[in-house]
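Okay, here's what each chain looks like letter by letter:
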Amino acid sequence: MHEIPTIKLMWLTVNRGCNFRCDWCYAAGSEYQEENKMSLPFALDILEIARQLGIGKLFLIGGEPTIWPYLFDFNDAMKSVGMKSTLVTNAYRFSSDRFWEKYLEHPNTHIGASFKAFNSESLVENTKATAFADVTKGLRRVFEYQPNSIVSFVYSRPYVSHFLEMVKYAVDCGAFGVSVNFCSPAIHKDYVDDRFLIDVDILVKEITSVYEEAHMITGGHLVFVMKHPLCIWPKDFIQVLKDRGQISTTCHLQHQSGGIIDTDGSLLICNSMFGFPVGRYGQDFKSAESLATFFGSEQMREYFAKVKAYPSKKCIDCEVFEDCSGGCPLLWTVYSPDSIITGWSK
């Protein structure tokens, strides 16, 4: 019998509209439609479901949730029931004095800022936005408001050879530390978008060559959120990251512990698979009890079992398989596992 999944983490995709146009973003597949947003009554229903499930924190994502028209009302509702929240944002709207002052009256528990550029040219190239000074102002406001905040960015093809510039910019904005997420493919209904994946050899070479300098720039407040199998990296590099507490591996998908509620009530297991919901509000669940039952159903157990299967026979006796589970399953829509997995024998 498969392990019974339990939903402990919940993300709410409150909208698909965005004030950036990052080509590698999963939201690009939904064409950033402004009208594609979660209604307030539905968001409040999901809040109550989460509360009854004992979930202590909600993650608000988009799109760009700061342009969701119900953000402040929903933040007030979460506060009233003791629900903590993290707002995942590019911080651009925080450059507006009026919006920032209003936000401070209706804040989230935490702001999870992400950034996409290190100068005005890279902002235009990567997001099609031109207001670099405003983006910087918004980010600095976040870090002044939350002095110990770590900012994140997705290390993808546009940032090859610019890793240190990104790290330096983040620290210059006042970030306490930097979280580096590695790009994964986006799964659309009729194709897989892998245009922004970095070749494994290039990825390893660049990161390992600049790591020590990035470590010094950040004062050691640097975290790598690994998507690839750990065995693609030099053993001594992984050991240093472990010793310094600078590595994060596996995700809620591999832990069978969380899900994303999309704007239309679809239940997603991964945002990069937004075209492939595993369930739907009103059809497969409509209450805390029915969501818990559905999430722990044999259908979902079999689904997660396939995700957690060994991608390669080399993983069976690998000493770090328990740490990485063989890497992000989405990678195997692009690569043959045996082409990059070497395995580290126990």
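Note: the structure precedes this text.
Computed from a predicted structure; not experimentally measured.

Brief notes about the overall build of the protein
Thinking step 1. Scanning the protein for helices and strands turns up 13 helices and 13 strands.
Thinking step 2. Over its C-alpha trace the protein gives a radius of gyration of 20 Å, about what one expects of a compact globule, namely 20 Å for 346 residues.
Thinking step 3. Taking the principal axes of the C-alpha coordinates as reference, the protein spans close to 55 × 50 × 35 Å.
Thinking step 4. Within the protein, the fraction of its 346 residues that count as buried is 54%.
Thinking step 5. The contacts of the protein with a sequence gap of at least 6 include a subset with a gap of at least 24, amounting to 76%.

Regarding the packing of helix α6 (residues 163-172) against helix α7 (residues 200-217)
Thinking step 1. The N-to-C vectors of α6 and α7 enclose an angle of 20°; their axes lie 9 Å apart at closest approach. Classed by the angle they form, the pair α6 and α7 counts as roughly parallel. Between α6 and α7 lies a crossing whose hand is right-handed. Between α6 and α7, the residues in contact are Phe163, Leu164, Val167, Lys168 and Val171 and Glu206, Ile207, Val210, Glu213, Ala214 and Ile217, respectively.

Observations concerning the sheet that holds strand β9 (residues 222-225)
Thinking step 1. With parallel pairing, four strands are arranged side by side in an open sheet as β5-β6-β9-β10. Edge positions in the sheet fall to β5 (150-155) and β10 (247-248), since each of these pairs with one other strand and no more.
Thinking step 2. As defined by bridge partners, β5 adjoins strand β6 (residues 177-182) across six bridges and the pair is classed as parallel. Looking at β6, one finds that Val154 is bridged to Asn181.

With respect to the nonpolar core
Thinking step 1. In terms of nonpolar packing, the biggest core is built from 108 residues, with Met10, Leu58, Phe74, Tyr155, Phe163, Phe224 and Trp233 touching the most fellow members.
Thinking step 2. Aside from chain neighbours lying at most four places away, what touches Trp233 is Phe182, Leu203, Val204, Ile207, Thr208, Met226, Ile238 and Trp344.

Structural notes on the environment of Ser339
Thinking step 1. If you trace the backbone, Ser339 turns up in helix α13 (residues 337-340).
Thinking step 2. Along the backbone, Ser339 and Ser312 are 27 residues apart, and their C-alpha atoms lie at a distance of 9.7 Å.
Thinking step 3. Among the polar contacts listed, one links the side chain of Ser339 to the backbone oxygen of Ser336, at a separation of 2.5 Å.

With respect to the pattern of salt bridges
Thinking step 1. Scanning the entire structure with this criterion turns up eleven salt bridges.
Thinking step 2. With a closest N to O distance of 2.7 Å, Arg51 and Glu48 form a salt bridge. Here Arg51 and its partner Glu48 are both found in helix α1 (residues 40-52), three residues apart, which amounts to about one turn of the helix.
Thinking step 3. For Arg51, a relative accessible area of 40% gives the class partly exposed.
Thinking step 4. Owing to a relative accessible area of 30%, Glu48 belongs among the partly exposed residues under this scheme.
Thinking step 5. The shortest N-O distance in the salt bridge between Glu298 and Arg301 comes to 3.7 Å. Highlighted residues: Glu298 and Arg301, both in helix α11 (residues 298-307), separated by three residues, approximately one helical turn.
Thinking step 6. For Arg301, a relative accessible area of 13% gives the class buried.
Thinking step 7. Among the charged side chains, a salt-bridge network with shared partners connects Asp97, Lys137 and Arg141.

A word on helix α3 (residues 97-105)
Thinking step 1. Restricting attention to buried positions, one finds in α3 the residues Phe99, Trp100 and Tyr103. All buried residues of α3 lie within an arc of 100° about the axis, which places them on one face of the element. Seen from the buried face of α3, the exposed residues on the opposite side, beyond 90 degrees, are Arg98, Glu101 and Glu105.
Thinking step 2. Buried residues along α3 sit in contact with α2 (71-80), β3 (84-89), β4 (110-113) and α5 (132-145).

Some points on the packing of aromatic side chains
Thinking step 1. Following the criterion strictly, the structure yields 29 aromatic pairs and no others.
Thinking step 2. With centroids separated by 5.2 Å and ring planes inclined at 25°, the aromatic side chains of Trp11 and Phe59 adopt a geometry described as stacked. Note that Trp11 is positioned in strand β1 (residues 9-13) and Phe59 in strand β2 (residues 57-61), a separation of 48 residues in sequence. Phe59 shares its class with Trp11; the two are buried.

Criteria and cut-off values
Residues numbered from 1 in each chain as written. Predicted model: local features only at pLDDT ≥ 70, side-chain atom pairs only at ≥ 80, totals over all residues. Heavy atoms only, no water. Helix = DSSP H or I, 4+ residues; strand = E, 2+ residues; numbered from the N terminus. Rg over C-alpha atoms; globule rule 2.2 N^0.38 Å. Buried < 20%, exposed > 50% of the residue type's maximum accessible area, 1.4 Å probe, protein only. Contact = heavy atoms within 4.5 Å. Axes fitted to C-alpha atoms, helices over the stretch in contact; angles between N-to-C directions. Parallel < 35°, antiparallel > 145°, perpendicular 65-115°, else oblique. Left-handed = near helix turned anticlockwise from the far one by under 90°. Pairing = 2+ DSSP bridges. Core = buried A, V, L, I, M, F, W, Y, C linked by side-chain atoms within 4.5 Å. Polar contact = N/O pair within 3.5 Å; in protein donor to acceptor, adjacent residues only side chain to side chain. Salt bridge = Lys/Arg side-chain N within 4 Å of Asp/Glu carboxyl O. Arc of directions from axis to C-beta. Phe/Tyr/Trp six-rings, centres within 6.5 Å; stacked < 30°, edge-to-face > 60°.

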